[in-house]
Amino acid sequence: MEPVIESTGAADGAMELVGRLTTASNATFLATIGHAEVVYKPIAGERPLWDFPDGRLAHREVASYLVSEALGWSVVPETWLGEGPHGVGMVQRWISADESVEPVTIVPEGEIPDGFRHVFDGYDALDQVVSLAHEDTPALRRMAVFDAITNNADRKGGHVLPLADGHRFGCDHGLTFHEEPKLRTILWGWQGLGFSDEELAGIRTVHAGLSGALGRELAAYLSGGDLEALALRCEALLAEGVFPQPEYDRHVIPWPPF
């Protein structure tokens, strides 16, 4: 598959680099296109992983946005493949998160805040037992459903971008759509609980779309095996009707979790 180079009317123009995000594992830049701020990840700067060796992380990021749009939940900011100073790469609208909000947090053992769900306990740098928890909100539930659909292998706490109005965006979706089960996330708080009617409807929409326009769009970014596995995941989620539960014969928490 050859890269599909896209543009958006709201962000047309030449890209100018502003700086580099040094905490990212792959080459990641903050840039501007016209008056729009964007994140730019050139394909040339991707670092292959043992379980994602094919160097198509940018394509999976765009595919994740397409699934987010099909769901109608705006989990993923506007994302496309575009040309930048370092070649073709993923381009995504920059989201200014509300730093006063912590949808995922670490607290002393057992001191789970009201409105939060416990995920797991561990030790901090001082060998004190702490608990990781995340908020129990419809917005974050939708993100967890999205992750289950896309088989997201890297939902860290820092990949949840909170807005003051309660909306939650997710970022860094390069490790998605693997043919094998790879769900690694800190959003396990709903494991085994039933999906809501809205969540089930969203999964059905994606599954139905795979045989139509959504499937044709995704085929430009994903392999046939990826698409077949996506359809099977949707079918399994609908048949079981509940949030996935961890499979403890493999790593189910991304490391580091933040």
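An unreviewed UniProt entry annotates the protein chain as Putative repeat protein (TIGR03843 family) originating from Nocardioides albus.

### What to know about the packing of aromatic side chains
All told, the structure shown has three aromatic pairs when counted by the stated rule. Note on F29 and Y40: the rings are 6.1 Å apart at their centroids and 35° apart in plane angle, and the pair reads as tilted. Residue F29 is located in strand β2 (residues 29-33), and its partner Y40 is located in strand β3 (residues 36-42); the two are separated by 11 residues in the primary sequence. Looking at F29, the relative accessible area reads 11%, which means it is buried. Its relative accessible area of 0% is what places Y40 among the buried residues. Members of the aromatic cluster, connected to one another through ring pairs, are W190, F195 and F243.

### A look at the nonpolar core
Judged by nonpolar contacts, the single largest core of 46 residues is most densely connected at V67, I149, L187 and L218. Only α1 (57-71), α2 (138-150), α3 (197-209), α4 (213-218) and α5 (224-240) provide two or more residues apiece to this core. Residues within four places of L187 in sequence aside, it is in contact with V104, H134, L140, M143, A144, D147 and R155. M15, V38, Y40 and V91 belong to the second-largest nonpolar core, a separate cluster that totals nine residues.

### So, α1
For α1, which comprises 15 residues, the first-to-last C-alpha distance of 21 Å matches the rise-based estimate of 21 Å (1.5 Å per residue) to within 8%. Most of α1 sits inside the fold, with 13 of its 15 residues counted as buried. In the segment just after α1, G72 is the residue with positive phi, at about 80°.

### Some points on the layout of surface pockets
Space inside the second largest pocket adds up to approximately 370 Å³. Around the second largest pocket, the lining comprises 18 residues; the ones closest to its centre are P181, R233, L237, P244 and E247. Considering each element in turn, the lining of the second largest pocket owes the most residues, five residues, to α5. Across the lining of the second largest pocket, the residue classes tally to eight nonpolar, three polar and seven charged.

### A word on unusual backbone geometry
The omega angle of the peptide bond from W255 to P256 is -5°, so this bond is cis rather than trans. Relative to the elements of secondary structure, P256 occurs in the segment after α5. For D172, which is not glycine, the phi dihedral falls at a positive 60°. Tracing the backbone through its elements, the reader meets D172 in the loop between β10 (168-170) and α3. By relative accessible area, which is 25% here, D172 ends up partly exposed. Positive phi, close to 65°, is recorded for F177, a residue that is not glycine. Relative to the helices and strands, F177 is located in the loop between β10 and α3.

Rules of the game
Residues numbered from 1 in each chain as written. Predicted model: local features only at pLDDT ≥ 70, side-chain atom pairs only at ≥ 80, totals over all residues. Heavy atoms only, no water. Phe/Tyr/Trp six-rings, centres within 6.5 Å; stacked < 30°, edge-to-face > 60°. Helix = DSSP H or I, 4+ residues; strand = E, 2+ residues; numbered from the N terminus. Buried < 20%, exposed > 50% of the residue type's maximum accessible area, 1.4 Å probe, protein only. Core = buried A, V, L, I, M, F, W, Y, C linked by side-chain atoms within 4.5 Å. Contact = heavy atoms within 4.5 Å. Expected span 1.5 Å × (residues − 1). 1 Å grid on protein atoms, 1.4 Å probe; cavity = no way out; pocket = protein on both sides within 12 Å on 5 of 7 lines; lining within 4 Å. Points joined across faces, edges and corners; volume = space filled by probe spheres on them. Nonpolar A, V, L, I, M, F, W, Y, C, P; charged D, E, K, R; others polar.

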